[in-house]
Every structure is written in structure tokens, then in C-alpha cells.
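Architecture and fold: a report
Letter by letter, the chains look like this.
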Amino acid sequence: MNEAPQEADAPREPQEPHAPPAGREPRPPRESPAPRRASARTPLHLKVAEDLRGAITAGAYGSGARLPAEDELARRYAVSRGTVRQALAALRTDGLITSRRGTRRVVLGGPGEENAATELRSFTRWARSLGQEPGGRTVAVDPGTAEGEEAEQLRIAAGDPVYRVLRLRTLAGEPVMVERTTYPWAVGALVAGMPLDTVSYSEQLARHGVLFTDAHHTIDIAPADAADARLLGCRAGEALLRERRRSTDPAGTPVEWSQDRYLPGTVAFTAHSTAASALGRRLRP
């Protein structure tokens, strides 16, 4: 992956158009299709999610309470059950409700309560929950083709088109993490169209119907490479906390494969495990 955007090629000198053969009328120039204008309307599922989030925050549904069934919510908001499921997926991403399908969703707690899964899933939400100001600066967005581990994690074929994004994440303006993410082509194309200083890709992608509802994390230590050292201001070879993460949408389709490297002493990860959901461990090869 490139460490910085490549310099553009020098512009070419304009060329004279070819003259049509004798006796033939020149063809009129082909008009380019007018660019589509982005809709400023908020998607319905986000409106439903925001209303339910407000009700949970206001205490209408306390911790341990059950939300109404999907069909009841669909009637209440005059939307389809698919829209309701997308709204519930957004609340699940926020760590507000359980994820079991086929049952009424149980409220886990308000936005201010600690939830390890949410902290791992969204750097932006985690930072804001602590009263910190998150920031982001996109260093490079490179189209390419999926290689071995990327293809395996995204469940696509090696050689399929992808986007690779290199990003610096900050807290209160101070660098804390370098984020290397590979997106499937359709998702990456949306990311490539976002401003370079976009703070949260996941929030913007949700407006396009791309939801991050599950994530599998592996946390270990990795040495800082030259790009890490330049962006984080550390020494090359210094030990960094690394989080490798594959996120999936409500259908279980991978939407990102990311490797995030944190400066030591800046963050701590927590995990909650039960007898039914144990913390996984494995030996390094």
C-alpha cells in the first residue's frame, strides 16, 4: 500500500481533433450525463433509530426493558420491517440493545454507559463517550486488488477490486492511532468520495445504508514501521498496540478489514465474557 498519495502526472498538451473523412458530416460531441445530486434527506431508518435512541436516553425504555416487536414498530412509524431492522441494527452498533433475532430487543443501557463492544467498534463514539474530541486525517486512498489475507477476511476472490485507506486518528488534536483499512470496492468508492478530514466514516456510510453491526477483533503488539513513525511521532520499531478488525453488516457480509496501531499509553481495551461467550485466546505461531 502506498504510504502517501502519488503525485499526479503532468497534464498533456491538448491535441487537435481528427478531421472527418471527405464527404462525411462530423458527429456532434457527446454530452456527458449530468452528475447526480446527493440527496439531503435523512434515510428513514436513521430517523427511526434517532427517535428510539431518544426514548432510551429519556428513560422510556430502561436497562433490561424490551423494545416493541418489529411489526409493532413498523406500524408505529409507518415504515417497512426492513427499515425497522436497519434502525435496530444502528442501535445495536451503538451498544444500546441486544442483537438476538426473532425476539424483542432488550435495552442494554444508555449512551453514557460503558460497553466494550461499542468502544472497539467505533473510535469516534468511544472518544466522544469520554468527552474527548476525535479527529481524522486521510493520508491516502488507493484503489487496488485484494491480496491473500485481505481476500480471506473480506470473503472475496484474490484479485477482486478493493480500496485501501491510510488514516491518522487523533484525540484533542494529538495523534494516537494509524488506521489501515481495506474496503470492498462498492464501500470503498463511497469512502473515496468523502472529504479528507471526515471524522467518522461509519456515520457517513450509515447514511448510504452501509451498517457496521458485528466485528471480530484480534489484539496484539506490532513494531512501528516507517509510516507509523512519521505519522505518530514515535521511533521505527517501537512497540505499538495493534487491533485487527473485520466488521460485517446485518447480513454478515464483511464491509471492512482494518489494522489499527495505537501509541502505547493512549488507550486500553476492555472485554466482557461469560460462560456462554468466553474470551478467546490462542498461541502465536
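Source: prediction; values computed, not measured.

Conventions and cut-offs
- Residues numbered from 1 in each chain as written.
- Predicted model: local features only at pLDDT ≥ 70, side-chain atom pairs only at ≥ 80, totals over all residues.
- Heavy atoms only, no water.
- Salt bridge = Lys/Arg side-chain N within 4 Å of Asp/Glu carboxyl O.
- Helix = DSSP H or I, 4+ residues; strand = E, 2+ residues; numbered from the N terminus.
- Buried < 20%, exposed > 50% of the residue type's maximum accessible area, 1.4 Å probe, protein only.
- Pairing = 2+ DSSP bridges.
- Axes fitted to C-alpha atoms, helices over the stretch in contact; angles between N-to-C directions.
- Contact = heavy atoms within 4.5 Å.
- Parallel < 35°, antiparallel > 145°, perpendicular 65-115°, else oblique.
- Nonpolar A, V, L, I, M, F, W, Y, C, P; charged D, E, K, R; others polar.
- Arc of directions from axis to C-beta.
- Core = buried A, V, L, I, M, F, W, Y, C linked by side-chain atoms within 4.5 Å.
- Expected span 1.5 Å × (residues − 1).
- Phe/Tyr/Trp six-rings, centres within 6.5 Å; stacked < 30°, edge-to-face > 60°.
- Lys NZ or Arg CZ within 6 Å of the ring centre and 35° of its normal.
- pLDDT = per-residue confidence, 0-100.
- Polar contact = N/O pair within 3.5 Å; in protein donor to acceptor, adjacent residues only side chain to side chain.

Pairing between side chains becomes possible if they bear opposite charge and their charged atoms approach one another. Tallied over the entire structure, the rule returns 17 salt bridges. The salt bridge partner of Asp228 is Arg180, with a shortest N-O separation of 2.8 Å. Linking Asp228 in helix H9 (residues 226-232) with Arg180 in strand S3 (residues 174-184), this pair joins segments that are 48 residues apart in sequence. As far as burial versus exposure is concerned, Asp228 and Arg180 are alike and both buried. For Arg245, the salt bridge is made with Glu256, and the minimal N-O distance between the two is 2.9 Å. Taken together, the residues Arg245 in strand S5 (residues 239-248) and Glu256 in strand S6 (residues 254-262) connect sequence positions 11 residues apart. The same class applies to Arg245 and to Glu256, which are both buried. Several salt bridges converge on common partners, so that one network encompasses Glu149, Asp220, Arg242 and Arg244.

If you walk across this open sheet you meet the six strands as S1-S2-S3-S6-S5-S4, and the pairing is antiparallel. Each edge of the open sheet carries a strand with a single partner, namely strand S1 (134-145) and strand S4 (214-223). This sheet shows a mean twist of 15° between the axes of neighbouring strands, independent of strand direction. In terms of strand pairing, S3 meets S6 through six bridges, oriented antiparallel. Across the sheet, Thr182 pairs through a bridge with Trp257, a residue of S6. Its contacts with the sheet place helix H7 (residues 185-192) against S1, strand S2 (161-171), S3 and S6, and it is angled at close to 135° to S3.

The next point concerns the pairing of S3. S3 sits mainly inside the fold: nine of its 11 residues count as buried. Hairpin connection between S2 and S3: a loop of two residues separates the two successive antiparallel strands, and Ala172 in this loop has a positive phi of roughly 50°.

For the rest of this paragraph, the subject is the environment of Thr218. Residue position: Thr218 is located in strand S4. C-alpha separation for the pair Thr218 and Arg244, spaced 26 residues apart in sequence, amounts to 5.1 Å.

Running from N to C, helix H2 (residues 70-77) and helix H3 (residues 81-93) point in directions that differ by 105°, and their axes come no closer than 9 Å. Here H2 lies roughly perpendicular to H3, going by the angle between them. Contacts between H2 and H3 pair Glu70, Asp71, Leu73 and Ala74 from the former with Arg81, Val84, Arg85 and Leu88 from the latter. Looking at the contact of H2 with H3, its residues break down into four nonpolar, no polar and four charged.

We now examine H2. Note on helix geometry: an α-helix contains 3.6 residues per turn, so any two residues three or four positions apart are oriented the same way. If you check which residues of H2 are buried, you get Glu70, Leu73 and Ala74. Along the axis of H2, the buried positions cluster into a sector of 105°, meaning they face one direction only. Of the residues one or two after H2, Ala78 is the one with positive phi, at around 55°.

Formed by 18 residues in total, the largest nonpolar core has its most connected members in Leu88, Leu91 and Ile97. When residues of this core are traced back to their parent elements, those giving at least two are helix H1 (44-57), H2 and H3. The contacts of Leu88, once residues within four sequence positions are left out, are Leu52, Leu67, Glu70, Leu73, Ile97 and Arg105. Val139, Ala140, Leu231 and Leu232 belong to the second-largest nonpolar core, a separate cluster that totals 11 residues.

It is worth spelling out H3 at this point. Taking 1.5 Å of rise per residue, the 13 residues of H3 would be expected to cover 18 Å, and the 18 Å separating its terminal C-alpha atoms lies within 8% of that figure. What H3 keeps buried is the set Thr83, Val84, Ala87, Leu88, Ala89, Ala90, Leu91, Arg92 and Thr93.

What follows covers the packing of aromatic side chains. For the structure shown, the criterion picks out one aromatic pair. The ring of Tyr201 has Arg167 lying over it, and the distance from NZ or CZ to the ring centre is 3.8 Å.

Quick look at the confidence of the model for the chain now. For the chain, mean pLDDT is 78; residues scoring 70 or higher make up 71% of the total. pLDDT under 50 marks residues 28-40. Its contacts with residues more than four places away, or in other chains, come to zero contacts. In the predicted structure, residues 111-120 sits below a pLDDT of 50 and forms 21 contacts with residues beyond four places in sequence or in another chain.

As a further point, take the side chain of Glu150. Position of Glu150 among the secondary structure elements: in helix H6 (residues 148-154). Overall, the relative accessible area of 11% leaves Glu150 in the buried class. A polar side-chain atom of Glu150 sits 3.0 Å from the main-chain amide nitrogen of Glu147. Once you skip the residues sitting within four places of it in the chain, Glu150 turns out to touch Thr145, Arg164, Thr182 and Trp257.

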